[in-house]
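What follows is each chain in one-letter form.
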Amino acid sequence: MRTWLIATVIWAWGALISGVQAQEEQAPVAPPVVSANPICDIPDHQSSVLTVEELRAEAQAKEALVKSLNLCPFAANALLIAAESMSLESLQQYLSQEHHAYDGHTVLEHAAMKAKFALPMAHKPCPECGKTVYHADPNGELAAWTHHYTNGKLQYSRFPIPLQIYTKAEEGMGLWDKLVHRVKVDNFNLAATIIFLLAIIHTFMAPFFQKLAHHMEKAHKQKLRDEKFRILHPEQRMPVSFGSTLCHFLGEVEVVFGLWIIPFALVCQHYYSMDDFLRYIDHDTSFTEPLFVAVIMVIASSRPIYRLAENTLKFGAGMGGGTPAAWWISVLCIAPLLGSFITEPAAMTLAAILLAKKFYHLKPSSSLCYATLALLFVNVSVGGTLTHFAAPPIVMVAGKWNWDMGHMFLHFGWKAIVGIIISNVIYFLIFRKEFTRLAEVQRLNSAFDSAVPTSWEDRQDIIPAWVYGVSIFFLVWTVYFAHHPAIFIGGFLFFLGFTMATPQYQNAFSIKVPLLVAFFLAGLLILGGVQGWWMQPVLQALAELGATATMGLASILTAFNDNASVTFLSSTVPNLPEHIRYAIVAGAVTGGGLTVIANAPNPAGQAILGKYFKDGISALQLFLWAVLPTFILFCLYNFIYFGE
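As the structure is a computational prediction, the values presented were derived from the model and not from experiment.

Visitor: Can you help me understand helix 15 (residues 324-342) in this one?
Guide: Residues three or four positions apart in an α-helix share a direction because the helix packs 3.6 residues into each turn. Taking 1.5 Å per residue, 19 residues should reach 27 Å; helix 15 reaches 25 Å between its end C-alpha atoms and fits that length. Counting buried positions along helix 15 yields 15 of 19 residues, so the element is predominantly enclosed. Immediately downstream of helix 15, the backbone of Thr343 shows phi near 80 degrees, a positive value.

Written as structure tokens, this is what we have:
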């Protein structure tokens, strides 16, 4: 009985198997199923079954390989889970190949792995949102991040990770958690910020290097005297101290940020590649502003433009008898407001040149020198707010937030005028005795100068009206095409030709200072362009603290970065209330005089007036003297707006 039952079961099982096989032979062959995660589609090259020990060793090797990538936890876990069905060789092959957006990983995980992955094909829908994506420029060069991920233009370098990529993974996180998360996702963020911080510290250390250079140079000259060194040939040059020259170079504020691009490039090479660094420089960083500042400095310092500005401000100075105090008040009140029409860099250049010739050459005290420079920086920063097209921090947001000239003057411009006048009057009263002394110095200098021929640069011959007209044309041309470097640089070359054709009406001007200023701004743009990872969440957190706190912290933030960067990043934060927008912009322009790097035109003023400071311009002294006018303007912008 038992034998019969077993035989029946075997027969039934055999019949079932035969039926299934016959059904499969008759049915059409189904198309292969495409894996949702192509990481699993890479062929496994294992030719034999592995033992338990070999499987365990391979799993440990794969885990070690994934850990060596320094991924954030969720990216590492996603990769380990996907690699469970792969051999070690297949995983290595996968990591060496290009990835694509359909392989099951999020964009953030790809970014954390720093793996090259092909973005969705042009004119195809994005796998995350379904929107059409374009990833090539007119020349066909592929970008690392499309306009969809960057919320704007194409980004060709893989760094920095576009800010909106972090959004989904950071829902519900606080400020500190967001910052920690972004560092874990990409350690490059922290490394780039450390480089930027060291560059800022270097700017504060510049006077120390200048003093050290002077001491080393003095010791070197004493050594030459002790050795009784003599020049034996007319073309022989005096030997210099290499250490002194190096310290003098390190003490030049204009070269600081450009100098720190060298370690920044090494950081980029370490975390990404030199190709990414070159793409960041060539495509993702715009050097239009440094070029514009260099060109406008040269044109604004030309003799016809300078004489025109001098004659304009002479009316104000004439009301005070042409004394140093009268010129001081006239320049610091009127010139900054011109920045709303001829741009802030041009206004800074003209104001600095006039102050140098009408005030600083009288050798005021160190305190008055710093107070004047601080007032100049603060006044120029807010003086460009009468219009919506001249000041870089305003240009960054005016179009996106629909702020026109009427809006700017109503909410910003008239307050800037009042604040500038109040600050100038207070500092004038503080130094009134000093101004009396300078008036006597000016009187004695005038009596002495009348007995000797005036210099060629200070000649007072008449400049023809057509020379004024052509010079003004080139100035207007440059301002009008400020966002088109190929156009305004072409005009600048014509301007240089014009000055060569009219030498009798021109003074010699130096290209060195404008180029150094452009170099400073270029370095600031390169290093500042990768600081958005911490600046954006900070600005988002500010919006939750209230308008007054937002304005104050925006001013402080501006002291450590260009105020145009602060306002630009604020424009990327969605759904900012109008009063928070006002607070951020007001804080940014108010704090634009606290440091040299706080506002783009500041390096131009420092380059022109720096020679009047014996040991270089102290960043700490500048900051301390800028606090009072900054506070006055802060109160005007804050209490008047929020008291309405």
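Visitor: What's the story with the pattern of salt bridges in this structure? I'm lost.
Guide: Opposite charge on two side chains lets them pair, provided their charged atoms get close. Evaluated as defined, the whole model comprises ten salt bridges. Glu434 is the salt-bridge partner of Arg437, the closest N and O atoms lying 2.8 Å from each other. Of this pair, Arg437 and Glu434 both sit in helix 20 (residues 432-449), separated by three residues, roughly a single helical turn. Assessed through its relative accessible area of 15%, Glu434 is described here as buried. The salt bridge involving Arg443 is made with Glu440; its shortest N-O contact spans 2.4 Å. With a gap of three residues between them, Arg443 and Glu440 both fall in helix 20, about one helical turn apart. Judged by relative accessible area, Glu440 falls into the partly exposed class, the value being 36%.

Visitor: Quick question: what am I supposed to make of helix 23 (residues 512-528) here?
Guide: In a regular helix each residue adds 1.5 Å, so 17 residues correspond to 24 Å; helix 23 covers 24 Å between its end C-alpha atoms and thus fits that length. By the burial criterion, the buried members of helix 23 are Pro514, Val517, Ala518, Phe520, Leu521, Ala522, Gly523, Leu524, Ile526, Leu527 and Gly528. Packed against the buried residues of helix 23 are helix 8 (188-226), helix 10 (256-259), helix 11 (261-271), helix 12 (274-284), helix 13 (288-300) and helix 28 (602-609).

Visitor: Help me understand the packing of helix 21 (residues 465-480) against helix 22 (residues 485-501) in this model?
Guide: To characterise two packed helices, one gives the angle between the axes of the helices and the distance between these axes. Here helix 21 crosses helix 22 at 160 degrees, and the two axes come no closer than 9 Å. Considering their axes alone, helix 21 and helix 22 lie roughly antiparallel with respect to each other. Here helix 21 and helix 22 pass one another in a crossing that is left-handed. Mapping the contact onto sequence places Trp466, Val467, Val470, Ser471, Phe474, Trp477 and Thr478 in helix 21 and Ile487, Phe488, Gly491, Phe494, Phe495 and Phe498 in helix 22. Across the contact of helix 21 with helix 22, the residue classes break down as ten nonpolar, three polar and no charged.

Visitor: I'm lost on the nonpolar core in this one. Help?
Guide: Taken as a class, soluble globular proteins show a tendency for nonpolar side chains to be buried jointly. Membership of the largest hydrophobic core comes to 147 residues, with the highest contact counts inside it found for Phe188, Phe257, Phe264, Leu376 and Tyr637. In this structure Tyr637 touches Val382, Thr385, His411, Phe412, Lys415, Ala416, Met551, Tyr582, Ala586 and Thr590, once residues within four positions along its chain are discounted. Judged by nonpolar contacts, the second largest core, of five residues, contains Ala76, Ala83, Met86 and Leu91.

Visitor: So what exactly am I meant to see when it comes to a nonpolar patch on the surface here?
Guide: Together, Leu190, Ile194, Leu197, Leu198, Ile201, Met205, Phe208 and Leu212 line one region of the surface with nonpolar side chains, adding up to about 670 Å² of accessible area. As for its position among the elements, Ile201 is in helix 8. The partly exposed category is assigned to Ile201, whose relative accessible area is 42%.

Visitor: Is there a simple way to explain the confidence of the model for the protein in this structure?
Guide: Interpreting fine coordinate detail is not advised for predicted regions of low pLDDT. Averaged over the protein, the pLDDT score is 81; the fraction of residues at 70 or greater is 80%. Confidence, read as mean pLDDT per element, is least for helix 1 (residues 2-26) in the protein (42) and greatest for helix 17 (residues 366-383) (96). Low pLDDT (under 50) marks residues 98-104, which in the prediction has 27 contacts with non-local residues, meaning those over four places away or in another chain. Low confidence marks residues 116-122, where pLDDT is under 50. Its contacts with residues over four positions away, or in another chain, come to 28 contacts.

Visitor: I tried to follow the packing of helix 14 (residues 303-318) against helix 16 (residues 344-358) on my own but got confused; where do I start?
Guide: Remark: helix 14 packs on helix 16, axes separated minimally by 10 Å, with the N-to-C direction vectors making an angle of 70 degrees. It follows that helix 14 is roughly perpendicular to helix 16 by the angle criterion. The segment helix 14 lies against helix 16, with Ile305, Tyr306, Ala309, Glu310 and Leu313 engaging Leu350, Ile353, Leu354, Lys357 and Lys358. Here the contact of helix 14 with helix 16 is composed, by residue class, of seven nonpolar, no polar and three charged.

Visitor: Got a minute to help me understand the packing of aromatic side chains in this structure?
Guide: The description of two aromatic rings rests on the distance between their centres and on the angle between their planes. For the structure on display, the rule yields 35 aromatic pairs. With a centroid separation of 5.5 Å and an interplanar angle of 85 degrees, the aromatic rings of Phe188 and Tyr272 are classed as edge-to-face. Remark: Tyr272 occurs in the loop between helix 11 and helix 12 and Phe188 occurs in helix 8; sequence separation between them is 84 residues. Using a relative accessible area of 10% as the deciding quantity, one classes Tyr272 as buried. Taking the centre distance of 6.3 Å and the plane angle of 40 degrees together, the rings of Phe474 and Phe498 count as tilted. Placement of the pair is Phe474 in helix 21 and Phe498 in helix 22, with a sequence separation of 24 residues.

Parameters and conventions
- Residues numbered from 1 in each chain as written.
- Predicted model: local features only at pLDDT ≥ 70, side-chain atom pairs only at ≥ 80, totals over all residues.
- Heavy atoms only, no water.
- Helix = DSSP H or I, 4+ residues; strand = E, 2+ residues; numbered from the N terminus.
- Expected span 1.5 Å × (residues − 1).
- Buried < 20%, exposed > 50% of the residue type's maximum accessible area, 1.4 Å probe, protein only.
- Salt bridge = Lys/Arg side-chain N within 4 Å of Asp/Glu carboxyl O.
- Contact = heavy atoms within 4.5 Å.
- Axes fitted to C-alpha atoms, helices over the stretch in contact; angles between N-to-C directions.
- Parallel < 35°, antiparallel > 145°, perpendicular 65-115°, else oblique.
- Left-handed = near helix turned anticlockwise from the far one by under 90°.
- Nonpolar A, V, L, I, M, F, W, Y, C, P; charged D, E, K, R; others polar.
- Core = buried A, V, L, I, M, F, W, Y, C linked by side-chain atoms within 4.5 Å.
- Patch = residues over 30% accessible without salt bridge, like charges linked within 9 Å, V, L, I, M, F, W, Y side chains within 5 Å.
- Areas by Shrake-Rupley, 256 points an atom, 1.4 Å probe, with all protein chains shown as cover.
- pLDDT = per-residue confidence, 0-100.
- Phe/Tyr/Trp six-rings, centres within 6.5 Å; stacked < 30°, edge-to-face > 60°.

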